[in-house]
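The lines below spell out each chain.
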Amino acid sequence: GESVGLHLPTLSVQEGDNSIINCAYSNSASDYFIWYKQESGKGPQFIIDIRSNMDKRQGQRVTVLLNKTVKHLSLQIAATQPGDSAVYFCAENIGQGSNYKLTFGKGTLLTVNP
Amino acid sequence: AAGVIQSPRHLIKEKRETATLKCYPIPRHDTVYWYQQGPGQDPQFLISFYEKMQSDKGSIPDRFSAQQFSDYHSELNMSSLELGDSALYFCASSVGTGETFFGQGTRLTVV
């Protein structure tokens, strides 16, 4: 079946560096993508989202890039801080009408070294 | 701001027992979702409700059932528990297809 997946399972960066987490998706009909951060023992926390009519969206220290041609999504975190250490998931919001659900990709564990 | 509330936070059950997980969505959210997350895994969709009616079903075992009540809280009932049911169970809520907010989860351990 179609799914969303991540290229890298782990990423280790130095504090202050920029981090890039990648994600590939296979459902070409997908039109809404979300990045979630999950800290140990906690629920996924919304970071940023993007719709398919955009190729870039910026938040506070985070940027999401969408390349529909190659079905690729990335999350860029600027000036990574120790508090950014967590597992990051990309998710695809799939459905129709009032019936939608999130399909998660495999997480990437980001470790920020002080 | 109110968040999605789940109870209990931790639950230990023996094999073949029954467990009930509760979820209180954010007020005025009309959609509730249940997800299961095994160790080191991504969350897997189980079931969802829109305005108290089941709207979609994922990879939920027949031993599991769920419902949403008139006050919009939801319960996930799990019977004949197996060791493989040990996981984090998340409830989430949204307004239609808007941002989905997750609760802190219930960690179920089956021994």
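Reading the values: rules and limits
Residues numbered from 1 in each chain as written. Chains lettered and ligands numbered in written order. Predicted model: local features only at pLDDT ≥ 70, side-chain atom pairs only at ≥ 80, totals over all residues. Heavy atoms only, no water. Core = buried A, V, L, I, M, F, W, Y, C linked by side-chain atoms within 4.5 Å. Buried < 20%, exposed > 50% of the residue type's maximum accessible area, 1.4 Å probe, protein only. Contact = heavy atoms within 4.5 Å. Buried area = accessible area lost by both parts, 1.4 Å probe. Salt bridge = Lys/Arg side-chain N within 4 Å of Asp/Glu carboxyl O. Polar contact = N/O pair within 3.5 Å; in protein donor to acceptor, adjacent residues only side chain to side chain. Helix = DSSP H or I, 4+ residues; strand = E, 2+ residues; numbered from the N terminus. Nonpolar A, V, L, I, M, F, W, Y, C, P; charged D, E, K, R; others polar. Pairing = 2+ DSSP bridges. Axes fitted to C-alpha atoms, helices over the stretch in contact; angles between N-to-C directions. 1 Å grid on protein atoms, 1.4 Å probe; cavity = no way out; pocket = protein on both sides within 12 Å on 5 of 7 lines; lining within 4 Å. Points joined across faces, edges and corners; volume = space filled by probe spheres on them. Phe/Tyr/Trp six-rings, centres within 6.5 Å; stacked < 30°, edge-to-face > 60°. Lys NZ or Arg CZ within 6 Å of the ring centre and 35° of its normal.

1. A few points about the nonpolar core
Inference 1: Counting 22 residues, the largest nonpolar core has Leu21, Trp34, Leu76, Met78, Tyr89 and Leu108 of chain B as its most contacted members.
Inference 2: Not counting residues within four places of it along the chain, the set of residues in contact with leucine 76 of chain B comprises Ala19, Thr20, Leu21, Trp34, Leu46, Ile60, Ser65, Ala66 and Tyr89 of chain B.
Inference 3: Within the second largest apolar cluster, 20 residues are counted, among which are Cys23, Phe33, Trp35 and Ile77 of chain A.

2. As for the interface of chain A and chain B
Inference 1: Taken residue by residue, the interface counts 20 residues in chain A and 19 residues in chain B.
Inference 2: Summed over both partners, the interface of chain A with chain B buries about 1700 Å², with 52% contributed by carbon and sulfur atoms.
Inference 3: Seen at the junction of chain A and chain B, the total is two salt bridges.
Inference 4: We note a salt bridge from lysine 101 of chain A to aspartate 56 of chain B, for which the minimum N-O separation is 3.0 Å.
Inference 5: Where chain A touches chain B, the interface holds five residue pairs in polar contact (both at pLDDT 80 or more).
Inference 6: Secondary structure elements with two or more residues in the side of chain A that touches chain B: strand E4 (32–38), strand E5 (45–51), strand E9 (86–96) and strand E10 (99–104) of chain A.
Inference 7: Element by element, the count of residues in the side of chain A that touches chain B is highest for E10 of chain A, at five residues.
Inference 8: Broken down by class, the residue content of the side of chain A that touches chain B amounts to eight nonpolar, eight polar and four charged.

3. Looking at the sheet that holds strand E8 (residues 74–78) of chain B
Residues and elements named next belong to chain B.
Inference 1: With respect to topology, four strands assemble into an open sheet ordered E1-E3-E8-E7, the strand pairing being antiparallel. The open sheet is flanked by strand E1 (5–7) and strand E7 (64–68), the only strands paired with a single partner. Geometrically, the sheet is characterised by an average inter-axis angle of 15° between neighbouring strands, direction not taken into account.
Inference 2: Relative to E8, strand E3 (residues 19–24) runs antiparallel, the two being bridged by five bridges. Residue threonine 20 lies in a different strand from E8, and its bridge partner there is asparagine 77.

4. Examining the layout of surface pockets
Inference 1: Here the largest pocket defines a volume of roughly 380 Å³.
Inference 2: Gln37, Gly38, Pro39, Gly40 and Gln41 of chain B are, among the 22 residues lining the largest pocket, the residues nearest its centre.
Inference 3: Looking at the lining of the largest pocket, the elements that each hand over two or more residues are E9 of chain A together with strand E9 (87–94) and strand E11 (106–110) of chain B.
Inference 4: When residues in the lining of the largest pocket are grouped by element, the largest group, three residues, is from E11 of chain B.
Inference 5: Partitioned by chemical class, the residues of the lining of the largest pocket number seven nonpolar, ten polar and five charged.

5. Considerations on the packing of aromatic side chains
Inference 1: Tallying each qualifying case throughout the model produces twelve aromatic pairs over all chains.
Inference 2: Considering the side-chain rings of tyrosine 36 of chain A and phenylalanine 46 of chain A, the 6.4 Å spacing of their centres and the 85° angle between planes classify their relative orientation as edge-to-face. Linking tyrosine 36 of chain A in strand E4 with phenylalanine 46 of chain A in strand E5, this pair joins segments that are ten residues apart in sequence.
Inference 3: Exposure remark for tyrosine 36 of chain A: the relative accessible area of 1% places this residue in the buried category.
Inference 4: Here phenylalanine 46 of chain A falls in the partly exposed class, since its relative accessible area comes to 24%.
Inference 5: Seen from their ring centres, tyrosine 36 of chain A and phenylalanine 104 of chain A are 5.6 Å apart, and the 50° between their planes marks the pair as tilted. Of this pair, tyrosine 36 of chain A sits in strand E4 while phenylalanine 104 of chain A is found in strand E10, placing the two residues 68 residues apart along the sequence.
Inference 6: Members of the aromatic cluster, each reached through a chain of ring pairs, are Tyr36, Phe46, Phe89 and Phe104 of chain A together with Tyr33, Tyr35, Phe45, Phe90 and Phe102 of chain B.
Inference 7: Here arginine 51 of chain A stacks its cationic end above the ring of tyrosine 32 of chain A, 3.9 Å away from the centre of that ring.

Bear in mind that shape data such as this cannot, by itself, settle questions of function.
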